[in-house]
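Residue-level listing of the chains:
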Amino acid sequence: MRPPFPVGRRHELTFTAAEREARLLGPAGPVSRIWTYTDEPFGVTRLRLGDTLQARLVNRLPEHTSMHWHGIRVPNSQDGVQYLTQPPVEPGESFTYEFTPPDTGTFFFHPHCNETGQVGRGLAGILIVEGEEQEPSHADIVLANKDWRLADDGSWLPFDTPEGASRAGTFGTVRAVNGMQAFSADVPAHGDIRLRILNLDASRMIEVGVEGAEAYVIATDGNPVEPFPLHTWRLGAAMRLDVLVRAPAAGRTFQVLDYFSAEPWPLATLKTVEASLRPRPFSPKPLYASLVPRADLKNAERMSFAFSAATGAANFVQAVAQDDPLSKVLLDSLCVQDSTFWAINKVSWPNADHRRMPPPLAMLQAGKSYVFELMNATPHPHPIHLHGHMFEVLSASRSDVPRFMADTVLLHPKERIEIAFVAERGDWMFHCHILEHLEFGMMGYVRVV
Ligand code: C2O
Ligand code: CU
């Protein structure tokens, strides 16, 4: 049984979104101008379950920004989506978020307009909520996968391209983990090593496996699962996987690999060093279960969403009703693109010709259970994300996966997936997490009243 929900500490932190310098092509390489919330790209903030985070965002960037807490079930007012849940935080301004995360796990945060440009320059951070381990691990390592799109002189290449935006996304030129080109670390021999693997890339899909050590999946998108051996697991953009590895004897190495690239690519190389641990059988204990409400599948209402290319008709975007507070909103150029390639149920996120906030894709009732049927009518995979909720993946027509909880699910070409959840009040974004796909139309929101 999990312990009762604890009363924790309060953390008052300041995140200054600003341009900083980094040598992303190696210590002898040129300087790149990165955008980050803290001194390091993908800085890690750790809380314990029950803790409250007060996060003050100070914007020193030349354009507006926000902080969206991806996967964390925050109140809608703290969800960090410019125009939908808060005004944009303009240059020189600040905005303070406050919430007590209700779940443990591996999460991250990022802005919600011009994500290709802002996240592309490094603007994302990692948020870990601890407190669900029945047995503490001996090491806890964050591996944030994200390419850089750099020219040889360290300057940025265009973050979006028509070819990429209309197909599988524009890819980086330099692969990296935690901002670095090669990640390695020492770990205690015979120790239990917790790996928190995040795919923060704009476009790339990775397929995670471990070679040279035994590995179990212990959480998906931060949600505890009954541990099962890791063969390989696909992570689309924004998806996370927590893995527990039993380190081999001292002096050995093992690797975390991405098998999706043409040649298996090492996400991390871990070397064991002598520690006072003995060889012993490895059968990981499950993490304490989360408090995410489970959908009542018998009485759930079903809704269908088709993810497709934009049709001509999709460009005819209606606006939200006149009496809606959002009807006064005009999306600025950071939050729309010039053109539209993608749609959800034949409706595209507005482009430069239609800057009014669109109506919700669906109206839901708070506290009620829903089954969403997601259908991919394109030849590309789409990692589909719903804000503010954790959903259960009930079935997937093209993947053989057990039922699991997630906030983002990979919808393969021509695939049909069913997800179930209990609706929480608010306006919640619902979109593909390939950054060019969401910016070029594959984005909308659902309204829960
Ligand atoms: Cu990572 Cu709209 O989200
Ligand atoms: Cu997509």
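The structure displayed is predicted, hence computed values, not measured ones. Note that residues are indexed from 1 along each chain, following the sequence as it is written. Here chains are named by letter from A upward and ligands by number from 1 upward, in the order in which they appear as written. For a predicted model such as this one, the threshold for reporting local features is a pLDDT of at least 70, and the threshold for listing and counting side-chain atom pairs is 80 or more; totals across whole chains, interfaces and linings nevertheless cover every residue. Computation of side-chain values: all heavy atoms of the structure, hydrogens and water removed.

Q: Help me understand the packing of aromatic side chains, please; the structure alone is not making it clear to me.
A: In this description, an aromatic ring pair is defined by two values, namely the gap between the centres and the angle between the planes. The aromatic pairing rule takes the rings of Phe, Tyr and Trp, using the six-membered ring of Trp, and pairs them if the centres are within 6.5 Å, calling planes under 30 degrees apart stacked, those over 60 edge-to-face and the rest tilted. Counted under the stated rule, the structure contains 20 aromatic pairs. Between tryptophan 156 and phenylalanine 159, the ring centres sit 5.5 Å apart and the planes meet at 45°, which makes this aromatic pair tilted. For the pair shown, tryptophan 156 and phenylalanine 159 are each scored as buried. With a centroid separation of 5.0 Å and an interplanar angle of 85°, the aromatic rings of phenylalanine 372 and phenylalanine 421 are classed as edge-to-face. Separated by 49 residues along the polypeptide, phenylalanine 372 in strand S22 (residues 369–376) and phenylalanine 421 in strand S27 (residues 416–422) bring together distant segments of the chain. For the pair formed by phenylalanine 372 and phenylalanine 421, the shared burial category is buried. The structure contains a cluster of three or more aromatic residues connected by ring pairs, namely Phe15, Tyr37, Trp69, Phe95, Tyr97, Phe99 and Phe109. Charge-over-ring placement is defined geometrically: NZ (Lys) or CZ (Arg) within 6 Å of the ring centre, and within 35 degrees of the ring normal. Here the basic side chain of arginine 121 rests over the ring of tryptophan 35, its NZ or CZ set 4.6 Å away from the ring centre. Whether a residue is buried, partly exposed or exposed follows from its accessible area with a 1.4 Å probe, protein chains only, as a fraction of its type maximum: under 20%, in between, or over 50%, in that order. By definition, any uninterrupted DSSP run of H or I lasting at least four residues is a helix, any uninterrupted run of E lasting at least two residues is a strand, and each is numbered from the N terminus.

Q: What should I look at first to understand the coordination of the copper ion (ligand 2) in this one?
A: Six octahedrally arranged donors around a metal ideally form angles of 90 or 180 degrees; four tetrahedrally arranged donors ideally form angles of 109.5 degrees. For Na, K and Ca the donor cutoff is 3.2 Å, while for all other metals N, O and S atoms must lie within 2.8 Å; water is not among the atoms, so some sites may look incomplete. Distances from the copper ion (ligand 2) to its protein donors, namely His382 (ND1), Cys432 (SG) and His437 (ND1), fall within the range 2.0 to 2.1 Å. Here the donor residues for the copper ion (ligand 2) map to a single chain with the spacing H-x49-C-x4-H.

Q: I would appreciate a short explanation of the environment of arginine 56 in the present structure.
A: Residue position: arginine 56 is located in strand S4 (residues 52–59). With 323 residues separating them along the chain, arginine 56 and proline 379 place their C-alpha atoms 41 Å apart. Residue contacts follow a heavy-atom distance rule, with two residues in contact if any of their heavy atoms lie within 4.5 Å. Setting aside residues up to four positions removed in sequence, arginine 56 forms contacts with Leu13, Thr14, Phe15, Ser94, Phe95 and Thr96.

Q: Can you help me understand the pairing of strand S1 (residues 10–22) in this one?
A: One face of the sheet, then the other: side chains in a regular strand alternate in exactly this way. Direction of pairing for S1 relative to S4: parallel, over a ladder of eight bridges. Of the residues in S4, the one forming a bridge with threonine 14 is arginine 56. Sheet analysis places S1 next to strand S2 (residues 32–36), joined by five bridges and oriented antiparallel. Its bridge partner lying in S2, glutamate 21 is registered against arginine 33. Only strands that DSSP links by at least two bridges are regarded as paired with each other.

Q: Could you clarify how one ought to interpret the environment of alanine 423 in this entry?
A: On the secondary structure map, alanine 423 appears in the loop between S27 and strand S28 (426–432). A C-alpha to C-alpha distance of 16 Å links alanine 423 and threonine 408, two positions 15 residues apart in sequence. Dropping the residues within four chain positions of it, alanine 423 is found in contact with Leu364, Gln365, Ala366, Gly367, Lys368, Tyr370, His389 and Val448.

Q: Help me understand the sheet that holds strand S3 (residues 44–48), please; the structure alone is not making it clear to me.
A: The strands that make up a sheet are held in pairs by hydrogen bonds between backbone atoms, and each pair lies either parallel or antiparallel. What the four strands build is an open sheet, ordered S3-S8-S7-S5; its pairing is mixed. One side of each edge strand has no neighbouring strand; the edge strands of this open sheet are S3 and strand S5 (68–70). Shown here is a sheet whose adjacent strand axes are inclined to one another by a mean of 25°, direction ignored. Sheet topology places S3 next to strand S8 (residues 125–130); five bridges connect them, and they run parallel. Bridging from a neighbouring strand, valine 44 pairs with isoleucine 126 of S8. Comment: axis = line fitted to C-alpha atoms, over the contacting stretch for helices; angle = value between 0 and 180 degrees taken between N-to-C directions.

Q: I'm lost on the environment of leucine 84 in this one. Help?
A: For leucine 84, the location among the structural elements is in the loop between S5 and strand S6 (94–99). Residue class for leucine 84 comes out buried when judged on its relative accessible area of 8%. Apart from the residues lying within four places of it in its own chain, the contact partners of leucine 84 are Leu326, Met357, Asp427, Trp428, Met429 and Tyr445.

Q: Which parts of the structure should I look at to understand the pattern of salt bridges?
A: By definition here, a salt bridge exists when the distance from a side-chain nitrogen of Lys or Arg to a carboxyl oxygen of Asp or Glu is within 4 Å. Counted under the stated rule, the structure contains 31 salt bridges. Residue aspartate 192 pairs with arginine 280 through a salt bridge whose shortest N-O separation is 3.8 Å. Pair noted here: aspartate 192 is in strand S11 (residues 192–199) and arginine 280 is in the loop between strand S18 (265–273) and strand S19 (301–309), with a separation of 88 residues, a long-range link. One network of salt bridges, with partners in common, ties together Arg46, Arg48, Glu130, Glu132, Glu133, Asp140, Arg194, Arg196 and Asp242.

Q: Would you mind showing me how to read the state of the cysteines here?
A: Joining two cysteines, a disulfide is a covalent bond between their sulfur atoms. Only a pair of cysteine sulfur atoms within 2.5 Å counts as a disulfide in this structure description. Counting across every chain of the model gives one disulfide. Here cysteine 113 engages in a disulfide with cysteine 335; their sulfurs sit 2.2 Å apart. Between cysteine 113 and cysteine 335, the S-S torsion sits near 100°, and that sign places the bridge as right-handed. In this pair, cysteine 113 is assigned in the loop between strand S7 (105–110) and helix H1 (115–120) and cysteine 335 in the loop between S19 and strand S20 (342–344), connecting sequence segments 222 residues apart. Judged by its relative accessible area of 5%, cysteine 113 is buried. Owing to a relative accessible area of 8%, cysteine 335 belongs among the buried residues under this scheme.

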